[in-house]
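Reading the structure
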Amino acid sequence: MKGRPPHRGSGGKRPPGKPGFASRPGTGPRTSALDAAKRAARNRGEDAGERSPWGEAEDALPPRPPRARKPAPAQEQAPPPRRAAPKAAAKAPSPDKAAPPAGPTRREQRAAASATLASGVQTLTVAPDEAGMRIDRFLSVRFPQLPFTRVQSLVRKGELRVDGKRAKAADRLEPGSAVRVPPLKLDPQAERPRSPTKAANDAEFLRSLILYEDAEMMILNKPFGLAVQGGSGTVRHVDGLLEALTAPDGQRPRLVHRLDKDTAGCLIVAKTRLAAATLAKSFRSRAARKIYWALVAGVPRTRQGRVSTYLAKDEPTDADARMRVVKHGDDGASHALTYYATVDQAAQKLAWLSLKPVTGRTHQLRAHAAHIGHPIVGDPKYFEVENWELPGGIQNRLHLLARRIVIPHPRTGQPVDVSAPLPPHMAQSWNLLGFDAARYDPIVEAPEA
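In short, a report on the structure. (Residues numbered from 1 in each chain as written. Predicted model: local features only at pLDDT ≥ 70, side-chain atom pairs only at ≥ 80, totals over all residues. Heavy atoms only, no water.)

**Some remarks on the pattern of salt bridges**
Rules: For salt bridges, the criterion is a side-chain nitrogen of Lys or Arg within 4 Å of an Asp or Glu carboxyl oxygen.
In the structure shown here, the tally under the stated rule is 14 salt bridges. A salt bridge links Asp260 to Arg258; the nearest nitrogen and oxygen atoms lie 3.9 Å apart. Beyond isolated ion pairs, a larger network of salt bridges with shared partners links Arg258, Asp260, Arg366 and Asp379.

**Quick word on the nonpolar core**
How we decide: We define the nonpolar core as a collection of buried residues of types Ala, Val, Leu, Ile, Met, Phe, Trp, Tyr and Cys that are connected through side-chain atoms lying within 4.5 Å of one another. Partly exposed describes any residue whose relative accessible area lies between the buried limit of under 20% and the exposed limit of over 50%, with all areas from a 1.4 Å probe on protein chains only and scaled to the type maximum. Working definition: helices are DSSP H or I runs of at least four residues, strands are E runs of at least two. Numbering for both runs from the N terminus. Two residues form a contact once any of their heavy atoms are found within 4.5 Å.
Core analysis: the largest hydrophobic core is formed by 39 residues, its most contacted members being Ile219, Ile268 and Ile407. Broken down by element, the residue count for this core peaks at five residues, all from strand 12 (residues 334–346). Those residues within four positions of Ile407 in sequence are excluded, and the remaining contacts are Met217, Ile268, Leu279, Ser282, Phe283, Ala288, Gln414, Pro415 and Val416. Of all hydrophobic cores here, the second largest spans 31 residues; its members include Leu267, Val269, Val307 and Leu398.

**Points about the packing of aromatic side chains**
What counts, and what does not: Centre distance within 6.5 Å is the pairing criterion for rings of Phe, Tyr and Trp, where only the six-membered ring of Trp is used; planes under 30 degrees apart are then read as stacked, over 60 as edge-to-face, and the remainder as tilted. Two thresholds decide whether a charge sits over a ring: the Lys NZ or Arg CZ must be within 6 Å of the ring centre and within 35 degrees of the ring normal.
According to the stated counting rule, one finds five aromatic pairs in the structure shown. Between Trp293 and Trp352 the ring centres are 4.9 Å apart and the planes differ by 75°, which places this aromatic pair in the edge-to-face class. Residue Trp293 is located in strand 9 (residues 289–297), and its partner Trp352 is located in strand 13 (residues 350–357); the two are separated by 59 residues in the primary sequence. Exposure class is identical for Trp293 and Trp352. Each is buried. Judged by centre distance (5.7 Å) and plane angle (35°), the ring pair of Trp352 and Phe435 falls under tilted. Here Phe435 lies in the segment after helix 10 (424–433) and Trp352 lies in strand 13, a separation of 83 residues in the sequence. Phe435 carries the same exposure label as Trp352, and that label is buried. An aromatic cluster is built from Trp293, Trp352, Trp430 and Phe435, whose rings are joined through pairwise contacts. Its end group placed over the ring of Phe205, Arg236 keeps NZ or CZ at 4.9 Å from the ring centre.

The values are spatial; any link to function lies outside them.
Okay, structure coming up:
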């Protein structure tokens, strides 16, 4: 016999509102926003018994109306509806998925966002391709509109924390580290349209300086007088010009090291962030070999020697401050080591020195040349020789050239060996003094450490 069995006792079903049955309070539409809000509130509560069986994942799904089930009478346990069973099985968490999902949950993300809005404190995570970056460089990249002096102030005052600890400007970051940044008052950057003509001119100028280039890196012949990075009153610099060489995929060439504004010669630029991190490690591990040429006052008595001192800045907050020789243990003292060799000389008046720095301190070669009594010609900071006159025909410009660099390629590891020609003012001096730029350089045989 088809159809439902007749009503038997109080366990059967009758339409609500019939006599003899207590009417169930109405809950409104089962898909109402109120139900969804209540369900979300229960899921966020502390009472685990009231949580939805779907856990935190339900916040990411559209709200589903709860299925109301009346318990079957004790003497007649009715099986669950045929359609409800598969859905319950599909929604029930399996033992394999019992572990919490990787990364912060939506609840944790909301809490972090609320804390940021309330306090202005940000926590930045170091990406793998940012590994090895100095903390001050990391902040400058993340907040380009933040003045570098402000970056140094944040670090110096201890307002910046890395994994909960105070950091120094020269500290290197590890991938995954948490960098806590205090509230920053940043002026919104005005979106100024870049002139296509200016961008094309900048790109053409940079390409004219390329000594070596491949898909990972390039080496520029930086001219005398062009700053590598911006600073007070510096508008035109290499870092700004590199914007014109931004690739179609958005990758912007990045500086790997720096040269003084008046030092000419080899300057390495990475084309990708990963290449930049790899090349920077080569400099830190001293896998890169650098040779500089300089014209100095007088002729060293020792034709080939070694200069080992400790250097510190006169003004710690000034990136271009004069360096002075100090004692080990003095405030801000850093060890500096340079090998030198005399290549040629003009009577006893001038000497052509080849310099191999082992460390990479600010103004290291200029300070070391002055320390041994033979400052570099044209150096406005360190040239202090009494009763010394510049020979006729020699320009009063810094005679220092980053002549040659050998560095492992960031992808293959094979050495990349590049040399830069003499800048015009040094070529003029070499011709006047009869120096041969093709002469054998004895610094090649100097020790490496």
